[in-house]
Amino acid sequence: MFFYLSKKIAIPNNVKLKCVSWNKDQGFIACGGEDGLLKVLKLETQTDDAKLRGLAAPSNLSMNQTLEGHSGESLYFMECFQLLCESSWYEEMINNRNKSVVRSMSWNADGQKICIVYEDGAVIVGSVDGNRIWGKDLKGIQLCHVAWSADSKVLLFGMANGEIHIYDNQGNFIMKMKLNCLVNVTGAISIAGIHWYHGTEGYVEPDCPCLAICFDNGRCQIMRHENDQNPVLIDTGMYVVSIQWNHIGSVLAVAGSQKVVTQDKDVNTVQFYTPFGEHLGTLKVPGKQMSALSWEGGGLKIALAVDSFIYFANIRPDYKWGYCSNTVVYAYTRPDRPEYCVIFWDTKNNEKYVKYVKSLISITTCGDFCILATKADENHPQLNAILTEFLCSTNILCNCNLIVLMLFLIVPLFVAMTKTHVIAASKEAFYTWQYRVAKKLTALEINQITRSRKEGRERIYHVDDTPSGSVDGVLDYSKAIQVGDLLKQMLIAGRESGTIQRYSLPNVGLIQKYSLNCRAYQLSLNCNSSRLAVIDISGVLTFFDLDARVTDSTGQQVIGELLKLERKDVWDMKWAKDNPDLFAMMEKTRMYVFRNLDPEEPIQTSGYICNFEDLEIKSVLLDEILKNPEHPNKDYIINFEIRSLRDSRALIEKVGIEDASQFIEDNPHPRLWRLLAEAALQKLDLHTAEQAFVRCKDYQGIKFVKRLGNLQTESMKQAEVAAYFGRFEEAERMYLDMDRRDLAIGLRLKLGDWFRVLQLLKTGSGDADDSLLEQAHNAIGDYFADRQKWLNAVQYYVQGRNQERLAECYYMLEDYEGLENLASSLPENHKLLPEIAQMFVRVGMCEQAVTAFLKCNQPKDAVDACVHLNQWNKAVELAKNHSMKEIGSLLARYASHLLEKNKTLDAIELYRKANYFYDAAKLMFKIADEEAKKRTKPLRVKKLYVLSALLIEQYHEQMKNAQKGKVKGKSSEATSALAGLLEEEVLSTTSRFTDNAWRGAEAYHFFILAQRQLYEGYVDTALKTALHLRDYEDVIPAVEIYSLLALCACASRAFGTCSKAFIKLESLETLSAEQKQQYEDLALEIFTKHTPKDNRKSELDSLLEGGEGKLPTCVATGSPITEYQFWMCSVCKHCVLAQEISNYNFCPLCHSSVG
């Protein structure tokens, strides 16, 4: 950054100033001095010239008000100036304490609270409306400074003895601050200033130091927070009187005086530092004693109170910015983001692109490329294991698109760039990277470039190395490099010692060393690399001829000569890209253009130079842009013409083409010849125009003149010339006057002005216009679609019959009805149908998506859409209708989906509808088993087992039918049945329920039947039925079976059977000891009264003992069937006595129809 004194204001009567403060918002300047002086000033810029903005605009005092009635100390009144103007000031907050005086005051970050400290230790905290919040007397303490933390939770109190105490916002003491900067310091010291930047404009880095504390002996420490154990330490080497951060916390100004060895008196100086303690520069100020400083709200000026004067210094910040391809790239900080906000502003189209970058170091541009150099994350786990140096990275962006991310082993403090190379330099080394291959290279060079990355494209060199161009650089850090600049095949590196080193590219080799008497701050080569411009740290611009051979004082011939031209207070310069003798420079608020080291008249401006080409200088007012960085204005880009271009233009306008041609002949430049060619075209002087285009090597212009020569009429030539110069309205009007609507349409087509093309087409008719009309409608639709004005785009796409873009617009508008109508209007197998179907899928419209997929003959995609949208029923239906092989896996996925949601019955219904009876039966049996374990109603469990068995029966039938068509011949029916049974056997080996599917249903059927018979009084029949339950212990718990059997036997007076049931119950391992004891007690009670012997043999037992095998059981009565005639159910294959079936319409077990 650069700074220079710009203005001085004297205080009347030579009253010495003690303080000065600059209001950040309104721009008022308040200054306090001896004898109660309090003045309020305001500097305002007044100019009608749009180019004179910012620092370049003249400023005058618009307000100079002295506030009367102040006596004694008025040192800190100005800090509450805004409050004095805008709010009432109540009695309790007035400084009327006669025993002490105010020593300091501070507003919190949001401006709602103020803390005032008195010399005797009294502290008052008040609100913005003037009310006291709390007060406190700190006994035995002399206060002199106070500061709020950014979050308003902490107060710092500076003591007269140099100590700093930390309090909370309620006045409670926390601790003393550790002052690392005073280690090994002896003698009396006092605090010169405490300033805590509140982050209102963001921070230059995450966790950036923001609390500055400075003492009068010049020692300073900058902390991240009040408890920072590792602060940044600075020894300014001066007597300090005041410190202050700028508006974004990026620069700390330290004001005071410094002893000079060559002078007896002290010199007033202002030192500038970064938050990390790096020294940015020194500003010397005239006068005897400086007392205070204050920054302007935008950080572009600083006010200094010296004796009875206020000095103003202009600040030219080192913005992070660049310019490439009509795009201004600039970065700024925001309070709501930890990163830098980098904006790519296309000045041609007035469009911008925003990118957020962490820890940005610099922005460098060249051609179409931009480099963002950033500090990489130090905590990256993969990189810290490899690299010991602080890791940095560089992003190259082209058209705002990230092309490549490079990792460097050095901190890229300085970055330079050409069309093929990037050079990054730290203080000790520089790194070369060939990011692009030049278009015109020899085969040898191309072979050399295409070597491996380690050997060819990337190299690193120490500044003390002497590379020959044939070997790689090595890592060895010891000394310091200052800055680099490169152009074409040359690299210049400047060192802090004043040495300039010249290297060749692309094979880096040290060619020459030059010695300067200054420390370079900025280096710049002209377009042919013959001269080097050097701006040193004091703002002095000098020039060095790199190739001149001169004889030094010793008589030896040396290469390189320092030219005589020297300019002071220079903060920016730019060589012309097309002339090695032309350059522009910024000196204070004036721009000078030099030709052969001779200056032209200066131009008043404060802009940063973007580009100097074709005798025109493009400048950008970054100061104005960064006042509102999110909304850059085209007015802040200013173009200046140099004198030769202005003179040539004036000659052409006032004298004529011939005289101007002679002047340009004497002062040739391609831009001047082009100017002459354009003037000749305006007057249709084709001969002169052609010669001028030849001189400026404009082939397109020559072709245009040739085409003009072939035109017959003057009016046609004039229309073409008007179009050439961009006067399209005039050219179109001339075409239409000649009744050449086709040429007018062609002109608008070239310009892409489809709105005007449409208007012109509607004024005529013709077959050829129909296709063009459709094209125009589609182009206008694209115009609106690109700007997301979908509703407008739809109207034009409909007229242009652009179905693809129409579908996109309907989708973006969420007009799904229109999208559905569009799909229905398309023919079958249209290429757009799958895309429309996918649109429906993305918004969950399954039915419409399926319709679209089926219309384009893609049933599999339709099924996939149903699966994706969980429309499984539809998916299964589609799979069945289209006989898809994947139906099995599809059903399995759907079933697992339903089972995950505990929808087992839905899964069973799914399998049943799909004729997957076996899988359905497995799930149904699982439900029945679970319900049986829960001991729910037996009738419900029976129904579940019946349903399971019915599914198994359907499965059996399905297997038999499947085999009927596979076996041919006379015995096909018997063979198919056998084959079906064999296949069932193979498939059912893993499932026992397929062999006896009705077992569960039978068990619960007899269980219910026995209890019904018992309650109805048919005790003998109930006993017979209960005896069947002994075969179903695997289905019904044994305790329930034998309890029911004992009960039925006891009721039937069959105490022998009852005794056997009790014996079984007492032997069950599932019963507890207590339960077994209860059964024993009950048995004892029964069998002490009745002999455990059956009075009569049951019919069932006699049959079983006879050894004739197990007889079929009647499911209606539970009795064995001994007759030859009985009824058998066609579904469950169970039997009922012939005399009993007449009482039933449905099977007692499976409930199928008897008929």
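Higher on the page you've got the structure.
Residues numbered from 1 in each chain as written. Predicted model: local features only at pLDDT ≥ 70, side-chain atom pairs only at ≥ 80, totals over all residues. Heavy atoms only, no water.

## A few points about the environment of Glu 877
Point 1. Following the sequence through the fold, Glu 877 ends up in helix H21 (residues 872-881).
Point 2. Owing to a relative accessible area of 42%, Glu 877 belongs among the partly exposed residues under this scheme.
Point 3. Distance from Glu 877 to Lys 913, taken between C-alpha atoms, is 9.2 Å for residues 36 residues apart in sequence. (Helix = DSSP H or I, 4+ residues; strand = E, 2+ residues; numbered from the N terminus. Buried < 20%, exposed > 50% of the residue type's maximum accessible area, 1.4 Å probe, protein only.)

## Here we look at the side chain of Ser 644
Point 1. If you trace the backbone, Ser 644 turns up in helix H5 (residues 643-654).
Point 2. Accessibility expressed as a relative area gives 11% for Ser 644, which makes it buried.
Point 3. At a separation of 3.1 Å, a polar atom in the side chain of Ser 644 contacts the side chain of Arg 595.
Point 4. Aside from chain neighbours lying at most four places away, what touches Ser 644 is Arg 595, Glu 600, Leu 615, Phe 663 and Leu 672. (Polar contact = N/O pair within 3.5 Å; in protein donor to acceptor, adjacent residues only side chain to side chain. Contact = heavy atoms within 4.5 Å.)

## A word on the pairing of strand S4 (residues 38-45)
Point 1. Where burial is concerned, most of S4 is hidden: six out of the eight residues are buried.
Point 2. Sheet topology places strand S3 (residues 28-33) next to S4; five bridges connect them, and they run antiparallel. Each bridged residue has a counterpart across the sheet, and for Ala 30 the counterpart in S4 is Val 40.
Point 3. Connecting the antiparallel pair S3 and S4 is a turn made up of four residues, with Asp 35 showing a positive phi of about 60 degrees. (Pairing = 2+ DSSP bridges.)

## Overview of the pairing of strand S34 (residues 421-425)
Point 1. With respect to burial, S34 is a largely interior element, five of its five residues being buried.
Point 2. In S34, alternate side chains face the same way, and those of His 421, Ile 423 and Ala 425 on one face and Val 422 and Ala 424 on the other are all buried.
Point 3. With four bridges connecting them, strand S33 (residues 414-417) and S34 associate as antiparallel partners. In the strand pairing of S34, Val 415 is matched with Ala 424.
Point 4. In this structure, the hairpin formed by S33 and S34 is closed by a connection of three residues.

## Concerning the pattern of salt bridges
Point 1. Summed over all chains, the structure comprises 41 salt bridges.
Point 2. Where Arg 103 meets Glu 119, a salt bridge forms, and the shortest distance between an N and an O atom there is 3.0 Å. Of the two residues, Arg 103 is situated in strand S6 (residues 102-107) and Glu 119 in the loop between strand S7 (113-118) and strand S8 (122-127); the sequence distance between them amounts to 16 residues.
Point 3. Judged by its relative accessible area of 23%, Arg 103 is partly exposed.
Point 4. The exposure class assigned to Glu 119 is partly exposed, which follows from its relative accessible area of 26%.
Point 5. Between Lys 706 and Glu 690 there is a salt bridge, with its nearest N and O atoms 3.1 Å apart. With Lys 706 in helix H9 (residues 699-709) and Glu 690 in helix H8 (residues 686-695), this pair connects stretches of sequence that are 16 residues apart. (Salt bridge = Lys/Arg side-chain N within 4 Å of Asp/Glu carboxyl O.)

## Focus: the packing of helix H12 (residues 741-751) against helix H13 (residues 754-762)
Point 1. The interhelical angle for the contact between H12 and H13, taken along N-to-C directions, is 160 degrees, at an axis separation of 8 Å. As far as their axial angle goes, H13 and H12 are roughly antiparallel. Note on packing geometry: the crossing formed by H12 with H13 is left-handed. Residues Arg 741, Ala 744, Ile 745, Arg 748 and Leu 749 of H12 lie in contact with H13, whose contacting residues are Trp 754, Arg 756, Val 757, Leu 760 and Leu 761. (Axes fitted to C-alpha atoms, helices over the stretch in contact; angles between N-to-C directions. Parallel < 35°, antiparallel > 145°, perpendicular 65-115°, else oblique. Left-handed = near helix turned anticlockwise from the far one by under 90°.)

## What about the sheet that holds strand S28 (residues 351-357)?
Point 1. Spatial strand order, S25-S26-S27-S28: four strands in an open sheet with antiparallel pairing. If you trace the sheet from one side to the other, it starts and ends with strand S25 (321-324) and S28, each paired once. Direction aside, neighbouring strands of the sheet carry axes that sit 20 degrees apart on average.
Point 2. Where strand S26 (residues 327-333) and strand S27 (residues 340-346) come together, seven bridges link them in antiparallel fashion.

## A word on a negative patch on the surface
Point 1. On the surface, a cluster of negative charge is made up of Asp 815, Glu 817, Glu 820 and Glu 847.
Point 2. Its location among the elements puts Glu 847 in helix H19 (residues 846-855). (Patch = residues over 30% accessible without salt bridge, like charges linked within 9 Å, V, L, I, M, F, W, Y side chains within 5 Å. Areas by Shrake-Rupley, 256 points an atom, 1.4 Å probe, with all protein chains shown as cover. Lys, Arg positive; Asp, Glu negative; His and termini not counted. Charge placed at Lys NZ, Arg CZ, Asp CG, Glu CD.)

## Description of a nonpolar patch on the surface
Point 1. Taken together, the side chains of Phe 173, Ile 174 and Met 175 define a hydrophobic patch exposed on the protein surface, amounting to about 270 Å² of accessible area.
Point 2. Note on placement: Ile 174 falls in strand S13 (residues 173-176).
Point 3. We classify Ile 174 as partly exposed; its relative accessible area is 46%.

## Let's talk about unusual backbone geometry
Point 1. The backbone phi angle of Ser 152 is positive, close to 60 degrees, even though this residue is not glycine.
Point 2. Positionally, Ser 152 belongs in the loop between strand S10 (143-148) and strand S11 (154-159).
Point 3. Its relative accessible area of 12% is what places Ser 152 among the buried residues.
Point 4. Backbone geometry places Asp 207, a non-glycine residue, at a positive phi of 55 degrees.
Point 5. Here Asp 207 shows up in the loop between strand S14 (191-196) and strand S15 (211-215).

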